[in-house]
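Okay, here's what each chain looks like letter by letter:
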Amino acid sequence: VNNVAAEEDIYAPPVAKREYRLDNAYYLGHRGQREVPSTKEGRREMLKKALMEYGALSVGMFTQSLAYMSEEYGCYTGLQYGEAYPDHAVTLVGWDDTYPAENFNSANGRTVTTPGAWIIRNSWGTERLGSGDKGYFYISYEDELLCDGVASVTSPAPENERIYQYDELGCTFWYYPGSEESTDADKNELAATETTIWFANIFKAAEADTIRAASL
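What comes next is a walk through the structure.

Reading the values: the criteria
Residues numbered from 1 in each chain as written. Predicted model: local features only at pLDDT ≥ 70, side-chain atom pairs only at ≥ 80, totals over all residues. Heavy atoms only, no water. Phe/Tyr/Trp six-rings, centres within 6.5 Å; stacked < 30°, edge-to-face > 60°. Helix = DSSP H or I, 4+ residues; strand = E, 2+ residues; numbered from the N terminus. Buried < 20%, exposed > 50% of the residue type's maximum accessible area, 1.4 Å probe, protein only. Salt bridge = Lys/Arg side-chain N within 4 Å of Asp/Glu carboxyl O.

## Some words on the packing of aromatic side chains
At step 1: Counted according to the given criterion, the structure contains 6 aromatic pairs.
At step 2: Aromatic side chains Tyr26 and Tyr54 sit 5.3 Å apart centroid to centroid with 45° between the ring planes, which places their arrangement in the tilted category. In this pair, Tyr26 sits in strand E1 (residues 20–27) while Tyr54 sits in helix H1 (residues 40–54), placing the two residues 28 residues apart along the sequence.
At step 3: Judged by relative accessible area, Tyr54 falls into the partly exposed class, the value being 30%.
At step 4: Judged by centre distance (5.0 Å) and plane angle (70°), the ring pair of Trp118 and Tyr141 falls under edge-to-face. You can see Trp118 sitting in strand E5 (residues 117–121) and its partner Tyr141 sitting in the loop between strand E6 (136–140) and strand E7 (147–156), a full 23 residues away along the chain.
At step 5: The exposure class assigned to Tyr141 is buried, which follows from its relative accessible area of 12%.
At step 6: Following the ring pairs from residue to residue traces out a cluster consisting of Tyr99, Phe104 and Tyr138.

## Considering the pattern of salt bridges
At step 1: Under the definition given, this model contains 8 salt bridges.
At step 2: A salt bridge links Glu45 to Lys48; the shortest N-O distance between them is 3.6 Å. Taken as a pair, Glu45 and Lys48 lie in helix H1 at a separation of 3 residues, close to a single helical turn.
At step 3: For Asp209, the salt bridge goes to Arg162, with nearest N and O atoms at 3.0 Å. In this pair, Asp209 is assigned in the segment after helix H2 (185–193) and Arg162 in the loop between E7 and H2, connecting sequence segments 47 residues apart.
At step 4: Salt bridges sharing partners connect three or more residues here, namely Glu45, Lys48 and Asp97.

Just distances and angles here, no functional claims.
See below:
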């Protein structure tokens, strides 16, 4: 390593305490692909089982379905996968097999014909347009744009642990070596010429601690 950061350049965030530790994450497939079983009914039962065993799930939805929300907080895009794609992450918290099909508005030339819906919790608060019933709403079992799914396995966080990290802004730029897909001219030129990248996370430990886990 030719470039070593000076001590004053090392980012040392305040010690952050967490309540839970992520021990594992299970990917629950995508539209019947890369999963068993592969039928819509089988996937539905798998998601229900994952909800019961692991709790709330992270899933993807198409935000346009909120524009079709009915007075009963039912959302249905009417679109098939390929006509549009999920663009927003939400939390799947439950289901209602008896939720009436007529509670969904017709959309994009299609109508819900069978009862049943997933119960979704959004992250937009309770006042924003399309927030549903205090942040909760229903998505029809027939909506093909409710895709993917991740179940998280957690345990209580260890006592007296220290966490070192930096991510104040979240993702700000995608970098693909050898790619020209960038809106930033300088980074675009770099990405088009370089085929190897490297990076380092540098933290100043508070004490002589033992590293128990690392993630990136």
